[in-house]
Amino acid sequence: MYPMEPELQSMLRDLIWLNALIATELIQVTENTSAILRESPPPESCIREHQQLRKVALEIAERYRPDTGLYEHVASHQ
């Protein structure tokens, strides 16, 4: 692996975290939109799959920017 300048490394960590944030919010928007259109909650299978996708995004975010509050925010989504 090539050494990186600290500024570049910090920028990449920020971008990875921001993309994980966007991913978790997009999943929530998708669930909310589905519930509005169906006039009922999304299918249980979708909710389980979305939870797994959120988990992966959060693991990535925490790896590069721990303790940002993202985990607590996403945990409060219903």
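Residues numbered from 1 in each chain as written. Predicted model: local features only at pLDDT ≥ 70, side-chain atom pairs only at ≥ 80, totals over all residues. Heavy atoms only, no water.

A. Main features of the overall build of the protein. Counting secondary structure elements, the protein contains three helices and zero strands. Reported as C-alpha extents along the three principal axes, the dimensions of the protein are approximately 50 × 20 × 15 Å. Each of the 78 residues in the protein was classed as buried or not, and the buried ones make up 22%. Considering only residue pairs separated by 6 or more positions, the protein has 60% of its internal contacts joining residues 24 or more positions apart. Taken as a whole, the protein presents about 5,900 Å² of accessible surface, with 60% of it coming from carbon and sulfur. A gap of 6 Å separates the mean positions of the 7 positive and 12 negative side-chain charges of the protein. (Helix = DSSP H or I, 4+ residues; strand = E, 2+ residues; numbered from the N terminus. Buried < 20%, exposed > 50% of the residue type's maximum accessible area, 1.4 Å probe, protein only. Contact = heavy atoms within 4.5 Å. Areas by Shrake-Rupley, 256 points an atom, 1.4 Å probe, with all protein chains shown as cover. Lys, Arg positive; Asp, Glu negative; His and termini not counted. Charge placed at Lys NZ, Arg CZ, Asp CG, Glu CD.)

B. Looking closely at helix α1 (residues 6-38). Over its 33 residues, α1 runs 48 Å from end to end, which matches the ideal 48 Å to within 8%, given 1.5 Å per residue. Regarding α1, the residues found buried are W17, A20, T24, I27, Q28, E31 and S34. Structurally, α1 contributes buried residues whose contacts are with α2 (44-64) and α3 (70-75). Following α1 by one or two positions, E39 has its phi on the positive side, about 60 degrees. (Expected span 1.5 Å × (residues − 1).)

C. Main features of the side chain of E31. Take E31: it is sitting in helix α1. A polar contact of 3.2 Å, which involves the side chain of E31, links it to the side chain of R54. Excluding its chain neighbours within four sequence positions, the residues that come into contact with E31 are P42, I47, H50 and R54. (Polar contact = N/O pair within 3.5 Å; in protein donor to acceptor, adjacent residues only side chain to side chain.)

D. Inspection of the confidence of the model for the protein at higher detail. A residue-level look at the protein finds 97% of positions with pLDDT of 70 or above and a mean pLDDT of 89. For the protein, per-element mean pLDDT is lowest for α3, which scores 84, and highest for α1, which scores 93. (pLDDT = per-residue confidence, 0-100.)

E. Structural context of unusual backbone geometry. Here E39, not a glycine, exhibits a phi torsion of approximately 60 degrees, which is positive. For E39, the location among the structural elements is in the loop between α1 and α2. Despite not being glycine, D67 shows a phi value in the positive range, around 60 degrees. Mapped onto the secondary structure, D67 falls in the loop between α2 and α3. Here D67 falls in the exposed class, since its relative accessible area comes to 74%.

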